Every structure is written in structure tokens, then in C-alpha cells.
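Structural characterization, general
Each chain is listed here by its residues.
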Amino acid sequence: RQALLQEATRRGLIIGRNLADYSASAVLQRDPLQAFQFTKDALSDDAMVYALLTDENGTILAIRAASGHVPANTGTVWQPLVGKSLQMEGLPPTVQVVQAHDPESGVPVLAFAFPVIKADVQVGNAYIALSQDKIERAMRETTLKVIVLVLGFVVLALIAAFMVANLIVRPLQRLTRGALAVGAGDLNAVVEVESKDELGVLARS
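A quick note: this is a predicted structure, and the numbers were derived from the prediction, not measured.

Before going further, it helps to examine the overall build of the chain. From N to C terminus, the chain includes five helices and six strands. In terms of overall dimensions, the chain has C-alpha extents of about 105 × 35 × 25 Å along its principal axes. For the chain, buried positions account for 34% of its 205 residues. Contacts in the chain between residues far apart in sequence, at least 24 positions, make up 49% of those at least 6 positions apart.

Before going further, it helps to spend a moment on the packing of aromatic side chains. Evaluated as defined, the whole model comprises three aromatic pairs. Ring centres of Tyr50 and Trp78 lie 5.5 Å apart, and the angle between their planes is 65°; this geometry places the pair in the edge-to-face category. Residue Tyr50 is located in strand β1 (residues 48–55), and its partner Trp78 is located in the loop between β2 (60–65) and β3 (84–85); the two are separated by 28 residues in the primary sequence. With a centroid separation of 6.2 Å and 50° between ring planes, the pair formed by Trp78 and Tyr127 is classed as tilted. Residue Trp78 is located in the loop between β2 and β3, and its partner Tyr127 is located in strand β6 (residues 121–131); the two are separated by 49 residues in the primary sequence. Each member of the pair, Trp78 together with Tyr127, is buried.

Mapped onto the elements of the fold, Ser23 is located in the loop between α1 (2–22) and α2 (24–28). Polar contacts involving the side chain of Ser23 include one to the main-chain carbonyl oxygen of Leu19, which spans 2.5 Å. Sequence-distant contacts of Ser23, that is, excluding residues within four places in its chain, are made with Phe38, Leu53 and Val116.

Bringing the sheet that holds β6 into the picture now. Spatially, the six strands line up as an open sheet ordered β2-β1-β6-β5-β4-β3, and their pairing is antiparallel. The outermost strands of the open sheet, each flanked by one partner alone, are β2 and β3. Relative to strand β5 (residues 108–118), α1 is tilted by about 35°, and along the sheet it contacts β1, β4 (96–101), β5 and β6.

Next up on the list: the pattern of salt bridges. If the charged atoms of two oppositely charged side chains come close together, the side chains can form a pair. In this structure the tally under the stated criterion is five salt bridges. Here Arg11 ties to Asp46 by a salt bridge, and the two come within 3.7 Å at their closest N and O atoms. One end of the pair, Arg11, is in helix α1; the other, Asp46, is in the loop between α3 (32–42) and β1, and 35 residues separate them in sequence. The salt bridge involving Glu56 is made with Arg30; its shortest N-O contact spans 2.9 Å. A residue pair is termed long-range when its members are at least 10 positions apart, and Glu56 in the loop between β1 and β2 and Arg30 in the loop between α2 and α3 qualify at 26 residues. Each of the salt bridges in this network shares a partner with another, and the network as a whole consists of Arg11, Asp45 and Asp46.

So, about helix α4 (residues 133–183). For α4, spanning 51 residues, the distance from its first C-alpha to its last is 72 Å, which sits close to the expected 75 Å at 1.5 Å a residue. Turning to α4, its buried residues are Ile135, Met139, Leu175 and Gly178. At its buried positions, α4 is contacted by α1, β5 and α5 (198–204). Trailing α4 by a residue or two, Gly185 shows a phi angle of about 105°, which is positive.

Peptide bonds are trans in most cases, and residues, glycine excluded, mostly fall at negative phi. A positive phi angle, near 55°, is found at Arg30, a position not held by glycine. Residue class for Arg30 comes out partly exposed when judged on its relative accessible area of 35%. In this model, Asp120 sits at a positive phi of 65°, which is unusual for a non-glycine residue. With respect to the helices and strands, the residue Asp120 is situated in the loop between β5 and β6.

Cut-offs and rules
Residues numbered from 1 in each chain as written. Predicted model: local features only at pLDDT ≥ 70, side-chain atom pairs only at ≥ 80, totals over all residues. Heavy atoms only, no water. Helix = DSSP H or I, 4+ residues; strand = E, 2+ residues; numbered from the N terminus. Buried < 20%, exposed > 50% of the residue type's maximum accessible area, 1.4 Å probe, protein only. Contact = heavy atoms within 4.5 Å. Phe/Tyr/Trp six-rings, centres within 6.5 Å; stacked < 30°, edge-to-face > 60°. Polar contact = N/O pair within 3.5 Å; in protein donor to acceptor, adjacent residues only side chain to side chain. Pairing = 2+ DSSP bridges. Axes fitted to C-alpha atoms, helices over the stretch in contact; angles between N-to-C directions. Salt bridge = Lys/Arg side-chain N within 4 Å of Asp/Glu carboxyl O. Expected span 1.5 Å × (residues − 1).

Right, dumping it as C-alpha cells:
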């Protein structure tokens, strides 16, 4: 789960950084058409839930949702999703990531907030959300695969253990019968020696 969460976070960082970097001029110029195109491009990843751009005051310039039902309208002030803040190694201090729920669908999401910088000045913000349903589904699939693999290895291990046990037990049984025969006074008893390992040395002795 942790590995999948880190991978999803890395994907979100790449998508969000690209959106924030490429849209800086459009946000500075308050160009809604260009801003809308950048948010549309950000949704090319199938895990995306929504992407939006705001000015420095939080007013939405452009918003796009994968479902087609946007969680807010342009011209209104965006209220970032509230949830559990995600802490992980390599996360830039200027980027905020929270585990929250999409207000429209209710699905768990990773919500990212990026500053939009132009000439070292923050001119706005970029917000994206990635669905965690894929993380949960991938985790379930991975868990199922691991269970199947473990069961397969257990069966193979049992078969191997049975075969190895037979290889060891059969010579011991022959050796035991020979020792019992000699102990009973039958000095003509013969123990068949096939191996050259420690059991074979013992049998010959």
C-alpha cells in the first residue's frame, strides 16, 4: 500500500508541476481559454479526478473534471479539500498533499496544491486530485496474486519435502531392517547400499 501510495504521489507531482509551470503565463494574464486547455491536458492521466487553476486570491480561472461534473464554477473562490496531510520523503515544501474525498463522487482522492510561479512571484495556484480507487484496486489485485503465489509455493514445498523425506526415509528403513536382522543373529543379512553419502557410509559399516 505504501509503495502504491508513493507511486501515485509521484505521478501527481509530475502532473501538478507540469500544470503549474506551463500555465503560469495564462494565470498571470487571466486568460481563461488557455487556462482551460491546460486543465484539460492535465486530465489525460486516467487516474485524474479534476484539475483547476486559480489566481493568487483563490478565484477559479479554469476547472475541469474527469466526470464532467465540476465541483465548483469559474469565478468562485476555490475551497481546497480538507483531509489527512500526507508526509513522504522527497515531497517539496511548497506542495501540499492531502488524503481526502471528492465532494462530487465521494471517492477517496489524493488532493495536490501547487503554487503557480512567474518570475519568482506566486501568481496563482494549481489544484489536482488523483483517485485512490486505483490504488485500492491495485492493492487488492496484488494481494490476490501474492496469496495465489504463496499457496503455489506451499504446495510445491510440501511436494518437495515429501520427495526429500522419501529419499532419506527409505534408506533409513532398509538400514534399520538390516541392523535388526544382524542384531537377531542373522549375520548373512545384506543391506543394499546405493548412496555414497553419510547414510551409505553408515550402511556399509
